[in-house]
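Take a look at the letters that make up each chain.
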Amino acid sequence: MIYFEDIEVGSISRFGSYPVTREEVVDFASKYDPQPFHLSDEAAAQTHFGRLSASGWHSCAMMMAMLVENMKAHRQAGLGSPGQDELRWLKPVYPGDTLSLETEVLDKRASRSRPEMGSYRSRITMRNQHGEPVMTTIAIGLIRTRPTD
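In this report, the structure presented in the accompanying data block is examined. (Residues numbered from 1 in each chain as written. Predicted model: local features only at pLDDT ≥ 70, side-chain atom pairs only at ≥ 80, totals over all residues. Heavy atoms only, no water.)

### Some remarks on a nonpolar patch on the surface
- A cluster of nonpolar side chains, contributed by Met 64, Val 68 and Met 71, occupies part of the molecular surface with about 220 Å² of accessible area.
- With respect to the element layout, Met 64 can be found in helix α4 (residues 56–73). (Patch = residues over 30% accessible without salt bridge, like charges linked within 9 Å, V, L, I, M, F, W, Y side chains within 5 Å. Areas by Shrake-Rupley, 256 points an atom, 1.4 Å probe, with all protein chains shown as cover. Salt bridge = Lys/Arg side-chain N within 4 Å of Asp/Glu carboxyl O. Helix = DSSP H or I, 4+ residues; strand = E, 2+ residues; numbered from the N terminus.)

Here you go:
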């Protein structure tokens with residue numbers, strides 16, 4: 001189990017392999033971001049995207065899926081998150097892309113009011129199969145401190 005004390009500022013992890021399918025792009029967009037360039041090849045061809053592209057919110061959901069899979073493999077005493085900072089969509093994500101993540105721990109701090117927990121910030125970079133960054137964000141994680149008993 002990974003606790004607050006185990007988090008190392010500056011540590012970098014690379015993981016994940018998420019294949020983006022046309023069906024999932026259209027399904028997500030139909031439910032949550034029904035803009036024409038996320039639903040139709042013809043509409044997308046008339047935009048700067050050039051072809052059907054995933055919603056940025058779908059990219060966030062794919063990032064979360066990879067983060068949770070990694071947390072299953074490397075169990076953490078996680079307590080959720082109060083949010084994200086500096087979310088940026090840098091390049092379109094297209095059906096046929098395979099996404100992966102890189103995380104870098106930027107800082108951490110113990111809670112002054114709740115000694116059983118701390119927080120840390122990580123820069124997350126999502127890359128496509130060519131290694132090109134397609135999305136970045138700064139995630140804030142809450143995590144338990146190591147039990148003393």
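### A few points about the side chain of Ser 119
- Mapping Ser 119 onto the fold places it in strand β4 (residues 117–127).
- The exposure class assigned to Ser 119 is buried, which follows from its relative accessible area of 14%. (Buried < 20%, exposed > 50% of the residue type's maximum accessible area, 1.4 Å probe, protein only.)

### Some details on the nonpolar core
- Grouped together as the largest cluster of nonpolar side chains are 19 residues, with contacts concentrated most on Met 62, Met 63, Val 93, Leu 99, Leu 101 and Met 126.
- Among the secondary structure elements, those contributing two or more residues to this core are β1 (12–19), α4, β3 (98–110), β4 and β5 (133–144).
- Ignoring any residue separated from it by four or fewer positions in sequence, one finds Met 63 in contact with Gln 84, Leu 101, Ile 124, Met 126, Met 135 and Thr 137.
- Residues Tyr 3, Phe 4, Ile 7 and Val 105 belong to the second largest nonpolar core, which totals seven residues. (Core = buried A, V, L, I, M, F, W, Y, C linked by side-chain atoms within 4.5 Å. Contact = heavy atoms within 4.5 Å.)

### Section: the sheet that holds strand β2 (residues 83–89)
- Strand order across the open sheet formed by five strands is β1-β3-β4-β5-β2, with antiparallel pairing between neighbours. With partners counted over all chains shown, the strands left at the sheet margins are β1 and β2, one partner each. Mean inter-strand twist for the sheet, computed between neighbouring axes without regard to direction, equals 20°.
- Sheet topology note: the β3/β4 ladder contains ten bridges and is antiparallel. (Pairing = 2+ DSSP bridges. Axes fitted to C-alpha atoms, helices over the stretch in contact; angles between N-to-C directions.)

### A look at the pattern of salt bridges
- In this structure the tally under the stated criterion is nine salt bridges.
- When the shortest N-O distance is used, the salt bridge between Glu 102 and Arg 14 registers 2.9 Å. Of this pair, Glu 102 sits in strand β3 while Arg 14 sits in strand β1, placing them 88 residues apart in sequence.
- According to the relative accessible area criterion, Arg 14 is exposed, its value standing at 62%.
- Note that Asp 41 and Arg 22 form a salt bridge whose closest N and O atoms lie 2.6 Å from each other. Highlighted residues: Asp 41 in helix α3 (residues 41–45) and Arg 22 in helix α1 (residues 22–32), separated in sequence by 19 residues.

### A word on the packing of α1 against α4
- Remark: α1 packs on α4, axes separated minimally by 10 Å, with the N-to-C direction vectors making an angle of 115°. In this structure, α1 meets α4 at a crossing whose hand is right-handed. Across from Glu 24, Val 25 and Phe 28 in α1, the residues of α4 making contact are Trp 57, His 58 and Ala 61.
- Partitioning the contact of α1 with α4 into residue classes produces four nonpolar, one polar and one charged. (Left-handed = near helix turned anticlockwise from the far one by under 90°. Nonpolar A, V, L, I, M, F, W, Y, C, P; charged D, E, K, R; others polar.)

### Looking at the environment of Gln 84
- Its location among the elements puts Gln 84 in strand β2.
- Sequence spacing of Gln 84 and Gly 141 is 57 residues, and the spatial spacing of their C-alpha atoms is 9.1 Å.
- Contact partners of Gln 84, with chain neighbours within four places excluded, come to Met 63, Thr 137, Ile 138 and Ala 139.
- Reaching out from Gln 84, the side chain makes a polar contact with the side chain of Thr 137 at a distance of 3.0 Å. (Polar contact = N/O pair within 3.5 Å; in protein donor to acceptor, adjacent residues only side chain to side chain.)

### Considering the side chain of Thr 145
- Relative to the helices and strands, Thr 145 resides in the segment after β5.
- Of note is the side chain of Thr 145, whose polar atom sits 3.2 Å from the backbone oxygen of Pro 115.
- In this view, Thr 145 contacts Tyr 3, Phe 4, Glu 5, Pro 115, Glu 116, Met 117 and Gly 118; residues no more than four positions away in its chain are not counted.

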